[in-house]
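Architecture and fold: a report
So the chains spell out like this:
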Amino acid sequence: MNEYDTDKMFELLRAQDFTPAISMEDADLVLLNTCSVREKAEQKVYSELGRMRRLKKLNPTMKIGVGGCVAQQEGAKILKRAQNVDFVFGTDNLIELPEILRESENGNRTVHINRLAPRQKVRDFIPEFPSSASHVPTLKAHLAITKGCNNYCSFCVVPLTRGTEVSRSPQNILEEAIKLCRNGTRELCLLGQNVNSYQADGVDFVELLKNLDDITGLQRIRFISPHPKDFHPQLADAMADLPSVCEQLHLPLQSGSNSVLKRMRRWYTTQTYLEKVEMFCRRMPGGTISTDLIVGYPGETEEDFQNTLEMMQRVRFDLIYAFKYSIRPGTRAADEENHLSEEIKTERLRILLEAHELILKEKHEELLGSQQEILVEGPHPRETDSMSGRTRGNHSVVIRNTDAPSGSLLPVRITGYRTHLLEAEAI
Ligand code: SF4
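Residues numbered from 1 in each chain as written. Predicted model: local features only at pLDDT ≥ 70, side-chain atom pairs only at ≥ 80, totals over all residues.

As a further point, take the sheet that holds strand S4 (residues 110-112). In space, the 4 strands of this open sheet follow the order S1-S2-S3-S4, with parallel pairing throughout. For this open sheet the edge positions go to strand S1 (29-34) and S4, each flanked by a neighbour on one side alone. Shown here is a sheet whose adjacent strand axes are inclined to one another by a mean of 15 degrees, direction ignored. Where S1 lies against strand S2 (residues 63-67), 5 bridges are found, and the strand directions are parallel. Counted as the bridge partner of Leu-31 is Gly-65 from S2. (Pairing = 2+ DSSP bridges. Helix = DSSP H or I, 4+ residues; strand = E, 2+ residues; numbered from the N terminus. Axes fitted to C-alpha atoms, helices over the stretch in contact; angles between N-to-C directions.)

So, in structure tokens, the structure goes:
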């Protein structure tokens, strides 16, 4: 989502005649788009701002702005703590950038973190760009369809930083998707904190997928992140039936322990989660599943952790995003008792990642000799006569001895693998 917002900022600035600088030293304006999903990411903002003090000494007219979730949460505290910052803008205020810059030119240090009214559609904060600020052509593009979240999972700061959920109008989404595809985009990744609860103007997520599937030139559609509670048979059917929707599902599990899931306020059990996985696998055999996992949630026992390991072994995820629990101020979990030590969390994460490496190796072995369709993304950065691309299941692949053009769909045979990369040759 932050990458997407950064692109939007870039497009807004291009319309104001800004061009990308070669380095921060050369820039007239530096925007830091921040993330507060984990404590470490938040700390990084202040250390980065510390390093940037030197830049402003070299170029006193440089403007520095801080946007994103840390900006939303910290607001004026950032101006106080980092004297080199000229303005702070929250997650709903991106569209105000041109105005904010004008104020800044007048020498005012400002904070813009007011929220949109809950009923306003996302289109109100995703700028309607003037024609001169057309999209930079990209083969793969992100497209936000919802923003914010109503789930209030106990560990998560997102509802506090991004606000309640709003869905962007389907018309507006389709317009942007068509524009992207006319400019060469072949793969779209739909974004939303709870992407599959999309609902606007009588159109739900399944209906939206159907509409997007009809766009000329669009080869692949992915989406992140769906919530398991909103993954239903109609969606699994649509995924199986719509040619451009990839057989790939990111389904955040978070924990394999029912008691932890309950305290996390995730609204599913391991049993119902497994039913959803089965629903996907039955319709899309050979499809891939990735997940998010948190280890060391407050009060997580050794048995809870073993249950997470067991769930991982049962589902055999193709990819996991696993993290140590990190206290986020203002969330329910922050007030829970029995926070675990850093040592326990680190050790559990190590065990989990090591166990997953073995699963990954087995899964890669199974893929050897298989035929896959690759969306070619461009020359491999380090290997000559080789191209990079991805399977429909989202495996990263290096294809040897081919000059297939970027953007083409290439049938390949898998010939080898490394830890997070498959090797292939064109058929
Ligand atoms: S569904 Fe996702 S974004 Fe929403 S509160 Fe839960 S973890 Fe956070």
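So, next bit.
Attention now moves to the confidence of the model for the protein chain. With 95% of its residues at a pLDDT of 70 or more, the protein chain has an overall mean of 92. Within the model, the stretch residues 129-134 combines pLDDT values under 50 with 8 contacts to residues more than four positions away or in other chains. (pLDDT = per-residue confidence, 0-100. Contact = placed C-beta atoms within 7 Å.)

Right, let's talk about the nonpolar core for a bit. Counting 54 residues, the largest nonpolar core has Leu-143, Ile-145, Phe-155, Leu-188, Leu-190 and Ile-221 as the members making the most contacts within it. Contacts of Leu-188, omitting those with residues within four sequence positions, involve Ala-141, Leu-143, Ala-177, Leu-180, Leu-212, Leu-218 and Ile-221. Grouped together as the second largest cluster of nonpolar side chains are 22 residues, Met-9, Phe-87, Leu-94 and Leu-97 included. (Core = buried A, V, L, I, M, F, W, Y, C linked by C-beta atoms within 7 Å. Buried ≥ 20, exposed ≤ 12 C-beta atoms within 10 Å, placed from the backbone.)

This part covers unusual backbone geometry. The amide bond that connects Ile-224 to the next residue, Ser-225, takes the cis arrangement and shows omega of -10 degrees. Its location among the elements puts Ser-225 in the loop between strand S11 (220-224) and helix H10 (233-241). You will see that Asp-17, though not glycine, has its phi angle at about 70 degrees, which is positive. Classification of Asp-17 by C-beta neighbours within 10 Å gives exposed; the count is 7. In the Ramachandran plot, Arg-265 falls in the positive-phi region, its phi being about 60 degrees despite a non-glycine side chain. Here Arg-265 shows up in the loop between helix H11 (258-263) and helix H12 (270-283). Using a count of 14 C-beta atoms within 10 Å as the deciding quantity, one classes Arg-265 as partly exposed.

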